[in-house]
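Architecture and fold: a report
The residues making up each chain are set out below.
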Amino acid sequence: MRISPSILNTDFARLADEIAKVPSADAIHIDVMDNHFVPNLTIGRPVVECLRRVTDLTLDVHLMIDNPDLHALSYVSAGADLVTFHLEAAAQPVELARAIRSAGAGVGVAIKPATPAVAVEALIPEIDQVLVMSVEPGFGGQTLMISVLPKVTDIRAMIERSDQACWLAMDGGISVGTIDACVEAGADSFVAGSAVFGSADPDGAIVELRRLAEQALGRRLALMSTESIDRPAAVVVSQ
Ligand code: DX5
Ligand code: ZN
């Protein structure tokens, strides 16, 4: 279970101080927006380069930009450890994923709420993370769309079938009230903006989200093992 705080709604004049508040983070999630792919404009490559100098934490860059085919590699050279681009924006996603990996970073593919699970299936062997947006990308502080949960379950099944190591992340509206349902759906990595930095104790919020996620995972695994014990009997009945 991985918890990555998003710095989107932090004080951009004090980013180094904001990152210093979350030493328990598995990664720092950096939302890059270009005012074209999404209706918001945030930060770009020079800021990622500066953040690289102030933290050893994993930098997880979420590109919400047009033409990631042209721009994504520059974020690897800026120091990103993981670069996630939107499938809807990429002209040649397989080639781009391979290029990011060859440049030495992990690679993720993000999908918007309306993009179906099947769109990412062929890419799973090429990537390290599928990022399912659980809000329309562009802004922090929105409510999680529970309508994406069946899609998360479908992608979890695809990852299991592929036998590849691939994180299944969710981004948008993740909180202590929603993380259980997301784990139960099959996610194992969570981006949380307002739930972390809106808290009086941001690092404590990460620890609590991770605790809840691990607890929910325990329940999910227990349920799966009960189902697999039950399954042979069901097969016997169907014969
Ligand atoms: C939204 C961004 C998210 C955002 C999440 O487009 O991709 O990473 O910061 O913020 P919360 O957790 O507040 O929904
Ligand atoms: Zn994001």
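Being a predicted model, the structure only gives us computed values, none of them experimental. (Residues numbered from 1 in each chain as written. Chains lettered and ligands numbered in written order. Predicted model: local features only at pLDDT ≥ 70, side-chain atom pairs only at ≥ 80, totals over all residues. Heavy atoms only, no water.)

It is worth spelling out the pattern of salt bridges at this point. With the rule as written, the count across this model stands at 13 salt bridges. As a salt-bridge pair, aspartate 26 and arginine 210 come within 3.0 Å of each other at their nearest N and O atoms. You can see aspartate 26 sitting in the loop between helix H1 (15-20) and strand S2 (28-33) and its partner arginine 210 sitting in helix H9 (residues 202-238), a full 184 residues away along the chain. Arginine 210 gets classed as buried once you look at its relative accessible area, which sits at 16%. We note a salt bridge from arginine 219 to glutamate 184, for which the minimum N-O separation is 3.6 Å. Of this pair, arginine 219 sits in helix H9 while glutamate 184 sits in helix H7 (residues 179-185); the two residues are 35 residues apart in sequence, bridging distant segments of the chain. (Salt bridge = Lys/Arg side-chain N within 4 Å of Asp/Glu carboxyl O. Helix = DSSP H or I, 4+ residues; strand = E, 2+ residues; numbered from the N terminus. Buried < 20%, exposed > 50% of the residue type's maximum accessible area, 1.4 Å probe, protein only.)

What follows is about the coordination of the zinc ion (ligand 2). Distances from the zinc ion (ligand 2) to its protein donors, His29 (NE2), Asp31 (OD), His62 (ND1) and Asp171 (OD), fall within 2.1 to 2.3 Å. Along the chain, the residues donating to the zinc ion (ligand 2) fall in the pattern H-x1-D-x30-H-x108-D. One end of the pair, aspartate 31, is in strand S2; the other, aspartate 171, is in strand S7 (residues 167-171), and 140 residues separate them in sequence. Each member of the pair, aspartate 31 as well as aspartate 171, is classed as buried. (Donors = N, O, S within 2.8 Å, 3.2 Å for Na, K, Ca; no water.)

Here we come to the layout of surface pockets. Taken as a whole, the largest pocket holds about 300 Å³ of empty space. Taken together, 14 residues make up the lining of the largest pocket; nearest its centre are Thr153, Arg156, Glu184, Arg220 and Met224. Counting residues per element, the ones that place at least two in the lining of the largest pocket are helix H6 (149-162), H7 and H9. Among the elements that make up the lining of the largest pocket, the one with the highest residue count is H9 (seven residues). (1 Å grid on protein atoms, 1.4 Å probe; cavity = no way out; pocket = protein on both sides within 12 Å on 5 of 7 lines; lining within 4 Å. Points joined across faces, edges and corners; volume = space filled by probe spheres on them.)

The subject of this paragraph is the environment of alanine 90. Checked against the element boundaries, alanine 90 lands in the loop between strand S4 (82-86) and helix H4 (93-102). A residue is classified by how much of its surface remains accessible, and alanine 90, at 14% relative accessible area, is buried. For the pair alanine 90 and threonine 226, spaced 136 residues apart in sequence, the C-alpha separation works out to 41 Å. Those residues within four positions of alanine 90 in sequence are excluded, and the remaining contacts are Pro68, Asp69 and Phe85. (Contact = heavy atoms within 4.5 Å.)

This brings us to the site of ligand 1. Around ligand 1 lies a shell of 20 residues, among which Ser6, Gly138, Asp171, Gly193 and Ser194 are the nearest. Taking serine 6, its side chain carries an N or O atom lying 2.8 Å from an oxygen atom of ligand 1. One nitrogen or oxygen atom from the side chain of aspartate 171 is found 2.8 Å from an oxygen atom belonging to ligand 1. A total of 380 Å² of accessible area belongs to ligand 1 in isolation, and the protein chains cover 99% of it. Its atoms largely coinciding with the cavity grid, ligand 1 occupies the second largest pocket. For the shell around ligand 1, the elements supplying multiple residues, two or more each, are S2, strand S3 (59-64) and strand S8 (189-192). Per-element accounting of the shell around ligand 1 gives the leading share, three residues, to S2. Within the shell around ligand 1, the residues separate by chemical class into eight nonpolar, ten polar and two charged. (Near = heavy atom within 4 Å. Polar contact = N/O pair within 3.5 Å; in protein donor to acceptor, adjacent residues only side chain to side chain. Areas by Shrake-Rupley, 256 points an atom, 1.4 Å probe, with all protein chains shown as cover. Sits in = over half its atoms within 2 Å of the grid points. Nonpolar A, V, L, I, M, F, W, Y, C, P; charged D, E, K, R; others polar.)

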